[in-house]
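# Reading the structure
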Amino acid sequence: MYICICHGVTDKKIAQAIDDGATSMRELSKELGVGTQCGKCTNCTKKILNEKLIEI
Ligand code: FES
C-alpha cells in the first residue's frame, strides 16, 4: 500500500528502511523523502515507525 503518494513510498519500503536501521521520522524523511512534500503521510509513517520499533 502506498503511504506517501508524493514520493511513491509504500509501507513495505518504510518497514524495510526501519529494518535497515532507521529509528526516527527524520531518518525516514532523509532516506525516502516521506513527509517532505505535502506532509499528509507523516502520521501514517510515524504509526508504522512506532509499531515496528515496539517489535524490535
Ligand atoms: Fe508524503 Fe505528500 S504524501 S509528502
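Residues numbered from 1 in each chain as written. Predicted model: local features only at pLDDT ≥ 70, side-chain atom pairs only at ≥ 80, totals over all residues. Heavy atoms only, no water.

### So, the pattern of salt bridges
To keep it simple, the criterion reads: In the sections that follow, a salt bridge refers to a side-chain nitrogen of Lys or Arg positioned within 4 Å of a carboxyl oxygen of Asp or Glu. Counting from the N terminus, the helices are the DSSP runs of H or I reaching at least four residues and the strands are the DSSP runs of E reaching at least two. Type-normalised accessible area, obtained with a 1.4 Å probe on protein chains alone, sets the label of each residue: buried when under 20%, exposed when over 50%, and partly exposed for intermediate values.
On inspection of all chains with the given rule, the structure shows two salt bridges. Of the charged contacts in the structure, one is a salt bridge between lysine 52 and aspartate 19, with a shortest N-O distance of 3.1 Å. Taken as a pair, lysine 52 in helix α3 (residues 42-55) and aspartate 19 in helix α1 (residues 11-19) lie far apart in primary sequence, 33 residues in all. A residue is classified by how much of its surface remains accessible, and lysine 52, at 14% relative accessible area, is buried. Among the salt bridges present, the one from glutamate 55 reaches lysine 52, with a minimum N-O distance of 4.0 Å. With glutamate 55 and lysine 52 both in helix α3, this residue pair falls three residues apart, about one helical turn. Using a relative accessible area of 59% as the deciding quantity, one classes glutamate 55 as exposed. Bridged by salt links that share partners, the residues Asp19, Lys52 and Glu55 form one connected network.

### A look at the side chain of threonine 45
Stated formally: For this analysis, residues touch if any pair of their heavy atoms sits within 4.5 Å.
Note on placement: threonine 45 falls in helix α3. What makes threonine 45 buried here is its relative accessible area of 0%. In this view, threonine 45 contacts Ile3, Ile14, Met25, Leu28 and Val34; residues no more than four positions away in its chain are not counted.

### Some points on α1
An α-helix turns once every 3.6 residues. As a result, residues three or four positions apart point the same way. As a reminder of what qualifies: In this context, the arc is that of the directions from the helix axis out to the C-beta atoms.
Burial in α1 covers these residues: Ile14, Ala15, Ala17 and Ile18. Viewed end-on, α1 has its buried residues packed into an arc of 160°, placing them on one side of the element. Looking at the buried positions of α1, the neighbouring elements they touch are β1 (2-4), β2 (9-10), α2 (25-32) and α3.

### Remarks on the packing of α1 against α2
Quick reminder of the rule: Axis geometry follows a simple rule: fit a line to the C-alpha atoms, using only the stretch in contact for helices, then measure angles between N-to-C directions, giving values from 0 to 180 degrees. In this scheme the crossing of two helices becomes right-handed for a clockwise turn of the near helix relative to the far one and left-handed for an anticlockwise turn of less than a right angle.
Where α1 meets α2, the closest approach of the two axes is 11 Å, and the angle between their N-to-C directions is 115°. Crossing angle aside, the handedness with which α1 passes α2 is right-handed. Taking contact as the criterion, the partners of Lys13, Ile14, Ala17 and Ile18 in α1 are, on α2, Leu28, Glu31 and Leu32.

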